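The residues making up each chain are set out below.
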Amino acid sequence: MDFEAGEVVYFNKPLDWTSFDLVNKFRYKLSRALKVKKIKVGHAGTLDPKATGVMILCTGRATKRIEELQAHTKEYVATLKLGATTPSFDLEKEIDAVYPIEHITREAVETALMKFKGVIEQVPPSFSACMIEGKRAYELARKGEEVALKPKTLIIDEIELLDYSLPDIKIRVVCSKGTYIRALARDIGVALQSGAHLIELVRTRVGDVTLDRCITPDDIDILFN
């Protein structure tokens, strides 16, 4: 593989790693293996620290493909806990409110999910990488500042209920670039007249790249053999 000229590598991002942690780890090992001080490495699509799954990294001239790769359809499997919310809509922050779930049935969940199929408007999470006057939204949110983000138009191609075990439900989502599954969890909670937050998220596919084609950070060295 010619990493300096440009390669595309598929990773399964570990839990609690940021996307930049993975890029930095790969870049460090790459520069040592190639005995170069600098090499360009970028990623095509951020994954939250509390998410795992497919992340595409590009090196050298292949970084010019990042925008193209980011535009590919994504598939996720998400586990939501109903009846409680957090400020980050996932496990990064502690529960800040609880809601009743006794009224929620499997049929109610399936009906609510169908409301999100097709073209939707979604307000991104305050704890996100969206830019507000030159700063990341999460930087402001973590300082306790109020964050007002505008809704974005997205497409949910497929959404289905995989498991119903109250207070948890597991769903599969196929969606367009820019979709925040954390925000979808928030909105599903509202649609169910309750609350919800993510307790597990796996990105299972980006375009035609599936998890079984990905390596872990522990496997990086095999790329140089």
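Report follows, based on the coordinates. Here the structure is a predicted model, which means the values were calculated and not measured.

## Re the overall build of the protein chain
For step 1, the next point in the chain: Helices and strands together make up the secondary structure of the protein chain, namely 5 helices and 13 strands.
For step 2, the next point in the chain: Here the protein chain has a C-alpha radius of gyration of 19 Å; the compact-globule value for 225 residues is 17 Å, and the two agree.
For step 3, the next point in the chain: When its C-alpha atoms are laid out on the principal axes, the protein chain stretches across 60 × 35 × 30 Å.
For step 4, the next point in the chain: Of all intrachain contacts in the protein chain linking residues separated by at least 6 positions in sequence, the fraction that spans at least 24 positions is 70%.
For step 5, the next point in the chain: For the protein chain, the exposed surface amounts to about 11700 Å²; the carbon and sulfur share of it is 50%.

## A short note on the pattern of salt bridges
For step 1, the next point in the chain: Inspection of every chain in the model, using the stated rule, returns 11 salt bridges.
For step 2, the next point in the chain: Note that D48 is salt-bridged to R182, the shortest N-O span being 2.6 Å. Pair noted here: D48 is in the loop between β2 (41-43) and β3 (51-59) and R182 is in helix α5 (residues 181-191), with a separation of 134 residues, a long-range link.
For step 3, the next point in the chain: A salt bridge links R213 to D208; the shortest N-O distance between them is 3.9 Å.
For step 4, the next point in the chain: Classification of R213 as partly exposed rests on a relative accessible area of 41%.
For step 5, the next point in the chain: Each of E75, E158, E160 and R172 takes part in a single network of salt bridges with overlapping partners.

## Section: helix α3 (residues 106-114)
For step 1, the next point in the chain: Every buried residue belonging to α3 is among V109, A112 and L113, and all of these are buried. Take α3 and look down its axis: the buried residues cluster within an arc of 100 degrees, on one side only. For α3, the exposed residues set more than 90 degrees away from the buried face come down to E107 and T111.
For step 2, the next point in the chain: Those residues of α3 that are buried are in contact with β10 (152-165), β11 (168-175) and α5.

## A few points about the pairing of β10
For step 1, the next point in the chain: With 5 bridges connecting them, strand β7 (residues 118-122) and β10 associate as antiparallel partners. Its bridge partner being in β10, E121 is matched across the sheet by T153.
For step 2, the next point in the chain: Bridging between β10 and β11 involves 8 bridges; their strand directions are antiparallel. Among the inter-strand pairings, E160 is bridged to a residue of β11, identified as R172.
For step 3, the next point in the chain: Linkage of β10 to β11, two consecutive antiparallel strands, is achieved through a turn of 2 residues.

Definitions and limits used
- Residues numbered from 1 in each chain as written.
- Predicted model: local features only at pLDDT ≥ 70, side-chain atom pairs only at ≥ 80, totals over all residues.
- Heavy atoms only, no water.
- Helix = DSSP H or I, 4+ residues; strand = E, 2+ residues; numbered from the N terminus.
- Rg over C-alpha atoms; globule rule 2.2 N^0.38 Å.
- Contact = heavy atoms within 4.5 Å.
- Areas by Shrake-Rupley, 256 points an atom, 1.4 Å probe, with all protein chains shown as cover.
- Salt bridge = Lys/Arg side-chain N within 4 Å of Asp/Glu carboxyl O.
- Buried < 20%, exposed > 50% of the residue type's maximum accessible area, 1.4 Å probe, protein only.
- Arc of directions from axis to C-beta.
- Pairing = 2+ DSSP bridges.

This is a description of form; function is not addressed.
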